[in-house]
Amino acid sequence: MKVKKGIGVSGGAAIASAIVLDTEEFEIPERHVPVDNTKAELDRLKRAIGVSRKEILDLRKRTAEKLGKETAGIFDFHLGLLDDKQLFKQFSETILNGQVTAEYAVANVLRGYAGDFRQMPEYLAERVKDVYDVEKRLLRNLIGQRRQSLKHLTRNAAVIAHDMTPSQTAGLDREHVVGLAIDAGGPTSHTAIVAKAMDIPAVVGLNDVTAEVSGGDRVIIDGSRGIVIIDPDEETVERYRQIAVRQSEFLHSLDALRELPAITSDGHEVRLQGNIEFPYEVRTVLDKGGQGIGLYRTEFLFLGSDVEPTEDDHYKAYCDVLEECGERPVAIRTIDLGADKFTQARARIPERNPFLGLRSIRYCFQHLQMFKTQLRAIMRAAVRGNISVMFPLITNLLEMRQAKTIVRDVVEDLEEEGIEHRNDVPLGMMVETPSAALQCDGFAREVDFFSIGTNDLVQYTLAVDRSNEQVAPMFTVADPAVLRLIQEIIRAGQRHDVPVSLCGEMAGDPIYTILLLGLGLRSFSCSPPAIPEIKKIIRSVTMEQAVKVAQRVLSFDSDKEVVNFLRTETRRIVPEALVE
Ligand code: PEP
Ligand code: MG
């Protein structure tokens, strides 16, 4: 039995046999297959070559149409590699003689090939990039075939991967994938957020769990403690069975709260809503007792697809959400692409420091047509329900004004075209950069509401990449500087009578609920599975208790003190909470 420590990002525990995924960015370990399976590996390789060939032909055609035949000619070299008989012979000999997987053969042979090119004169050395491109494509098609098979699982499994994109995670078979363990990733990476929304126990930032687990190994994934136990002994398995029983009893005990309001025990009303990435999640939010949608991450409409959604795709998605929500409020966050959320096309062009790069509102301003398409759909859908719009990653007043001007343009266009729409949709902003937090007084005159995005606020305040496992221990919302900024935003909202909500992961972490109430927050939006426990805590505390807790917390000068104090106080005030 071996215990590996990572970062727990989605609570609960699962015991299951492992499925290990390799990825295109990863050193493919030498994995042997029984001699009887080598033929099947060769067939997989042939299929992957066929699919890759079709993809490249298609790409060449599209490039020729857009940029001319000469530019499209770069793909001839890729096709040449795939058709190269000598190369295929090397692949097949590696598989058959070495009894290894097709992906190992591809990586091994092509990396050798790339090495040969590197030694050549400069004009040929350039070809190394093309060899890597072909390698990636082949691996994607090989591993993609395996990922497909994840869709047809017939038994429960724990998925072990080097890294997964948010859309890959969203595509997992919720019925059979019972746990997730990932080498890469930080506490609020979007992959982690999606796992939490799907209520799959998940641990990220494990560094090398893929190298230590083989397919079929029994593993325990403990998302509450952030550990993965490989090949657990019977005593440990039994302990985890008991933990599972306790957790399920606790969750059942919360069912009774579903229809009850989120109101403190001395009568202060709180708005408790859910975050969603896809329209179908609205049902879970409502089932869990949420009062509406406080954050709809609409960029998920783009992920995993090569084509941009049309205005009608947007419109349909928003109408689906509104139909399910009835009169309840829905805060649509405009496209927040970039950083760890990219379209398939953009995924192929990595950006340096992507979290400081062309993301969110900046990306929208540079892709105005795409942005306007979304805004048109929102304004049209708005006639069907209670919509508000918020813009991500606003860092200065001009950006907010520019976003509002674009909304006005879109509304004018719709008016001229005689298309039914609303022109009075409330416009708010995510406060998720220190610059925005420090200027809330100015922003208060520009916006109808604030929504605090603590995931980004932490990363930009503490200079800690939210998706980088190397610095994950430094990523904490309990840092005194972060807490001070949150307090400032809430106070600015109170001063100017601008509603303030909080939709970062902090809103769904029960440790912080009392503190946030004490700081004056009256609107929370969190991952759907977290709603019942947050409601339980809100209903168990008085405002006087919460204010005292907040005052004390603001006197601490380290995140450790804050967390220890909050854990103790929460357990004292709500003994049933924070079940482990
Ligand atoms: C945040 O940054 O806190 C937030 C809610 O937005 P996202 O996690 O999508 O960046
Ligand atoms: Mg954000």
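So, how was this worked out
Throughout, residues of each chain are indexed from 1 in the direction in which the sequence is written. Chains carry letters and ligands carry numbers; both start at the beginning, A for chains and 1 for ligands, and go up in the order they are written. With pLDDT at 70 or above as the cut-off, local features in this predicted model cover only qualifying residues; side-chain atom pairs require 80 or more to be listed or tallied, and sums for whole chains, interfaces and linings still use all residues. Derived side-chain values reflect all non-hydrogen atoms in the structure, with water molecules and hydrogen atoms excluded from consideration. By definition, any uninterrupted DSSP run of H or I lasting at least four residues is a helix, any uninterrupted run of E lasting at least two residues is a strand, and each is numbered from the N terminus. C-alpha atoms define the radius of gyration in this analysis, and the globule rule sets the expected value at 2.2 Å times the number of residues to the power 0.38. Working definition: with a 1.4 Å probe on protein chains only, accessible area under 20% of the residue-type maximum means buried, over 50% means exposed, and in between means partly exposed. Contacts between residues were defined by any pair of non-hydrogen atoms, one from each residue, lying within 4.5 Å. Each accessible area value is a Shrake-Rupley result obtained with a 1.4 Å probe; residue values ignore everything except the protein chains displayed when judging cover. We treat Lys and Arg as the positive residues and Asp and Glu as the negative residues; His and chain ends play no part in the count. Where a charge lies is defined by one atom per residue type, namely NZ (Lys), CZ (Arg), CG (Asp) and CD (Glu). By definition, a salt bridge exists where a carboxyl oxygen of Asp or Glu is found within 4 Å of a side-chain nitrogen of Lys or Arg. Only when DSSP finds a minimum of two bridges between them are two strands counted as paired. A fitted line through C-alpha atoms serves as each axis, taken over the contacting stretch for helices, and the angle formed by two N-to-C directions is quoted from 0 to 180°. Domain segmentation is taken from an automatic or database assignment of domains. What is meant by a nonpolar core is a set of buried Ala, Val, Leu, Ile, Met, Phe, Trp, Tyr and Cys residues, joined one to another through side-chain atoms within 4.5 Å. Only centres within 6.5 Å qualify two rings of Phe, Tyr or Trp (six-membered ring in Trp) as a pair; their planes then separate them into stacked at under 30 degrees, edge-to-face at over 60, and tilted for everything else. Counting as a charge over the ring demands two things of the Lys NZ or Arg CZ atom: a distance within 6 Å of the ring centre and an angle within 35 degrees of the ring normal.

Engineer: Before we move on, could you go through the overall build of the chain and cite the residues and values that matter?
Structural biologist: Along its length, the chain carries 25 helices and 16 strands. On C-alpha atoms alone, the chain measures out to a radius of gyration of 25 Å, which is about the 25 Å that the 2.2 N^0.38 rule sets for 580 residues. Its C-alpha atoms put the chain at 75 × 70 × 40 Å along the principal axes. Out of the 580 residues belonging to the chain, those deemed buried represent 56%. Of all intrachain contacts in the chain linking residues separated by at least 6 positions in sequence, the fraction that spans at least 24 positions is 69%. In the form shown here, the chain has an accessible surface area of approximately 25,400 Å², with 50% of it arising from carbon and sulfur atoms. Taking the average location of the 72 positive side-chain charges in the chain and that of its 87 negative ones, the two points are 0 Å from each other.

Engineer: With reference to specific residues and values, describe the pattern of salt bridges.
Structural biologist: Going through the model one piece at a time under the given rule, you end up with 43 salt bridges. Among the ionic pairs, Arg-333 bridges to Glu-299, the shortest N-O distance being 2.8 Å. Residue Arg-333 is located in strand S11 (residues 329-333), and its partner Glu-299 is located in the loop between strand S10 (293-297) and helix H13 (311-325); the two are separated by 34 residues in the primary sequence. The class of Arg-333 is buried, set by a relative accessible area of 3%.

Engineer: How would you explain the sheet that holds strand S5 (residues 177-182) if you had to name every residue and give the values?
Structural biologist: Spatial ordering of the open sheet is given by S1-S8-S7-S3-S4-S5-S6-S2, a layout of eight strands whose pairing is mixed. Both edges of this open sheet fall to strand S1 (2-5) and strand S2 (7-10), since each of them pairs with a single strand only. Within this sheet the neighbouring strands show an average axis-to-axis angle of 30°, counted without direction. Sitting on the sheet, helix H9 (residues 190-197) touches S2, S5 and strand S6 (202-204), and the angle it makes with S2 is about 50°. Packing against the sheet, helix H11 (residues 234-254) makes contact with strand S3 (13-21), strand S7 (218-222) and strand S8 (227-230), and its axis sits at approximately 40° to S7.

Engineer: So, the domain arrangement of the chain: which residues are in play, and what are the values?
Structural biologist: By a widespread convention, an interface's size corresponds to the accessible area lost as its parts come together. Once the domains are mapped, the chain shows domain 1 (2-21 + 155-250), domain 2 (35-148) and domain 3 (258-573). The gap between the C-alpha centroids of domain 1 and domain 2 is 33 Å.

Engineer: So what's going on with the nonpolar core? Which residues, and what values?
Structural biologist: Counting 130 residues, the largest nonpolar core has Phe-391, Phe-450, Ile-486 and Tyr-512 as the members making the most contacts within it. Examining the composition of this core, we find that eight residues originate from one element, helix H17 (residues 397-417), more than from any other. Here Phe-391 is in contact with Thr-334, Ile-361, Phe-371, Leu-375, Met-400, Ala-403, Val-407, Leu-427, Gly-428, Met-429 and Met-430, once residues within four sequence places are set aside. Within the second largest apolar cluster, 28 residues are counted, among which are Ala-48, Leu-81, Leu-82 and Ala-102.

Engineer: An account of the packing of aromatic side chains is needed here, citing residue identities and associated values.
Structural biologist: By the definition in use, this model includes six aromatic pairs. Relative to Tyr-318, the ring of Tyr-296 lies with its centre 5.9 Å away and its plane at 80°, an arrangement referred to as edge-to-face. In this pair, Tyr-296 sits in strand S10 while Tyr-318 sits in helix H13, placing the two residues 22 residues apart along the sequence. Each member of the pair, Tyr-296 as well as Tyr-318, carries the same accessibility label: buried. One aromatic cluster is present, formed by Phe-278, Tyr-280 and Phe-300 through successive ring pairs. Here Arg-380 stacks its cationic end above the ring of Tyr-315, 4.0 Å away from the centre of that ring.

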